[in-house]
Amino acid sequence: MNPGEHELQYPYAELPAIGTWLTLRPGVHWVRMPLPFALDHINLWVLDDEIDGRSGYTLIDCGITSEATQSAWEQLFDGVFAGKPLLRVICTHFHPDHFGLAHWLTVGGARRRWTVPLWMTAAEYAFGRYLSAGGGDNISGETAARHFARNGMSNEAALLQVRVRGSSYYPGFVPAVPPHFHRIYEADEFGIGPSHARRVFRVMVGYGHAPEHASLYCADDRLLVAGDMVLPRISTNVSVFDLEPDADPLPRYLRSLDRLLMLPANTLVLPSHGKPFIGLHQRIGQQHRHHAARLDEVLEACATPQSAASVVPVLFKRALDAHQMTFALGEALAHLHALWYDGKVERRDDSGVYRFSAAS
Ligand SMILES: [Zn+2]
């Protein structure tokens, strides 16, 4: 958890109950949905909107496919939606908690109330569609297990969990993807809201957490729908995964954060996890210090050769379940790769396992 949390301000004391929303600004509503992980909730945003003369709502992010989330949505439709339709769904990125119910919400699974467009960046849509379909031969549990073994995971039981998880995890939470999408691009601007109170949002693409993550910024209202790029309590996961085994996502993530420093200091940040907060610049500073300290620790550990697996306990002092271990190993590798690309450590193939040691 973030030790610098006291530097942030949380303007809203309450949390929205499941099945209803909390209105933060006129026409901006906060919804929370349950998640079956250690991270037990996701925030979604419902905005008053008007498209082609019809008034209704635009939704930003969807929740995973689960009975609990679907029934919470039904409660919202029957309750606070007050008979108005959903008009559009925007997804910040392809991760299951954000994208899982996009098909159900847009194509008509939700009691076939409506068919609405999905707005998303191209890389996020393509990743989600690919993984939902099982990812062909590339994204099987087997390739994930090979990636983890190559990076030092040797425990057979753990590797078995990776195999099982790798083949079923994503399609389990994202069983279907809308067949079409409306592509959004970096710096696109579009309006959301009724004609008398329309807000213009600008797309700000960020890297390091997902391939083309879209945050949305409204300058008039100083409102940043941050997705997972900036979170108040936990640090955003930045991982190297088996699909891109030589990736260097950490510097890209930090550079993406620095672009958000252009936004005013009193911007209200709407994060996907945790509570809405003010303190964007402080939080970005904290993330820089957090990763700089982690890089120092990893570099120090590399005085003797380390695999990503042997670095995990350096970065994560607590016990991890299988789900957390997947991210922890990816995160350890992201730190090792940042040092490797920076020339501070060298990588050697030691009988099929990558080991990193301080550059001589
Ligand atoms: Zn995410």
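Structure first, text after, so check above.
A.B. asks: Which residues make up the sheet that holds strand E11 (residues 223-227), and what values do they have?
C.D. replies: With respect to topology, 6 strands assemble into an open sheet ordered E8-E9-E10-E11-E12-E13, the strand pairing being mixed. Looking at the sheet topology across the chains shown, the edges are occupied by strand E8 (189-192) and strand E13 (277-278). Strand direction decides the pairing type here: strand E9 (residues 199-206) and strand E10 (residues 213-218), joined by 5 bridges, are antiparallel. Looking at E10, one finds that Gly206 is bridged to His213.

A.B. asks: Help me get a handle on the packing of helix H7 (residues 249-260) against helix H8 (residues 280-301), residues and values and all.
C.D. replies: At their nearest, the axes of H7 and H8 sit 10 Å apart, and the two run at 160° to each other. In terms of orientation, H7 lies roughly antiparallel with respect to H8. Of the two possible hands of crossing, H7 and H8 adopt the one that is left-handed. The residues of H8 that touch H7, namely those facing Leu250, Leu254, Leu257 and Leu260, are Leu280, Ile284, Gln287, His288 and His291.

A.B. asks: Now, about the sheet that holds strand E5 (residues 86-90): what can you tell me, with residues and values included?
C.D. replies: By way of backbone hydrogen bonds, the strands of a sheet pair with one another, either parallel or antiparallel. Taken together, the 7 strands give an open sheet; going across it, the order is E1-E2-E3-E4-E5-E6-E7, and neighbouring strands pair in mixed fashion. Pairing within the sheet leaves two strands with one partner each, and these edge strands are strand E1 (22-25) and strand E7 (182-183). In this structure, strand E6 (residues 118-120) lies alongside E7, joined through 2 bridges in parallel fashion. Looking at the pairing, Met120 lines up with Arg183 of E7.

A.B. asks: Break down the packing of H7 against helix H10 (residues 322-341) for me, with residues and values.
C.D. replies: Orientation of H7 relative to H10, taken along the N-to-C sense of each, is 90°, at an axis distance of 7 Å. On the basis of the axis angle, H7 is roughly perpendicular to H10. Together, Pro249, Leu250 and Pro251 of H7 and Ala334, His335 and Ala338 of H10 make up the contact between the two elements. Along the lines of polarity and charge, the residues of the contact of H7 with H10 split into 5 nonpolar, 1 polar and no charged.

A.B. asks: Lay out the pairing of E8 with the relevant residues and their values.
C.D. replies: By the bridge criterion, 4 bridges tie E8 to E9 in an arrangement that is antiparallel. Note on E9: the bridge partner recorded for Gly191 is Val200. Between E8 and E9, which follow one another and run antiparallel, lie 6 residues, and Gly193 among them has a positive phi close to 135°.

A.B. asks: So, H10: which residues are in play, and what are the values?
C.D. replies: With 20 residues, H10 should reach 28 Å at 1.5 Å per residue; the first-to-last C-alpha distance of 28 Å fits that figure. For H10, the buried fraction is high: 14 of the 20 residues fall into the buried class. Taken from the residues just after H10, Gly343 is the one with a positive phi, measuring 80°.

A.B. asks: Report on the environment of His182, specifying residues and quantitative values.
C.D. replies: By the element assignment, His182 lies in strand E7. Sequence spacing of His182 and Leu295 is 113 residues, and the spatial spacing of their C-alpha atoms is 39 Å.

A.B. asks: I'd like to hear about H7, residue by residue, with values.
C.D. replies: At 3.6 residues per turn, the α-helix brings residues three or four places apart onto the same side. The first and last C-alpha atoms of H7 sit 17 Å apart over 12 residues, in line with the 16 Å expected at 1.5 Å per residue. Tucked into the core, H7 has its buried residues touching E9, H8 and H10.

A.B. asks: I'd love a proper account of the pairing of E5, names of residues and values included.
C.D. replies: In terms of residue burial, E5 counts as a mostly covered element, since 5 of its 5 residues are buried. By the bridge criterion, 4 bridges tie strand E4 (residues 54-60) to E5 in an arrangement that is parallel. By the bridge assignment, Tyr57 is partnered in E5 with Leu86. Read from E4 through helix H1 (residues 67-78) to E5, the crossover connection turns out right-handed. In this structure, E5 lies alongside E6, joined through 2 bridges in parallel fashion. Its bridge partner being in E6, Val89 is matched across the sheet by Leu118.

Cut-offs used in this document
Residues numbered from 1 in each chain as written. Predicted model: local features only at pLDDT ≥ 70, side-chain atom pairs only at ≥ 80, totals over all residues. Pairing = 2+ DSSP bridges. Helix = DSSP H or I, 4+ residues; strand = E, 2+ residues; numbered from the N terminus. Axes fitted to C-alpha atoms, helices over the stretch in contact; angles between N-to-C directions. Parallel < 35°, antiparallel > 145°, perpendicular 65-115°, else oblique. Left-handed = near helix turned anticlockwise from the far one by under 90°. Contact = placed C-beta atoms within 7 Å. Nonpolar A, V, L, I, M, F, W, Y, C, P; charged D, E, K, R; others polar. Expected span 1.5 Å × (residues − 1). Buried ≥ 20, exposed ≤ 12 C-beta atoms within 10 Å, placed from the backbone. Right-handed = clockwise from strand over helix to strand, strands pointing away.

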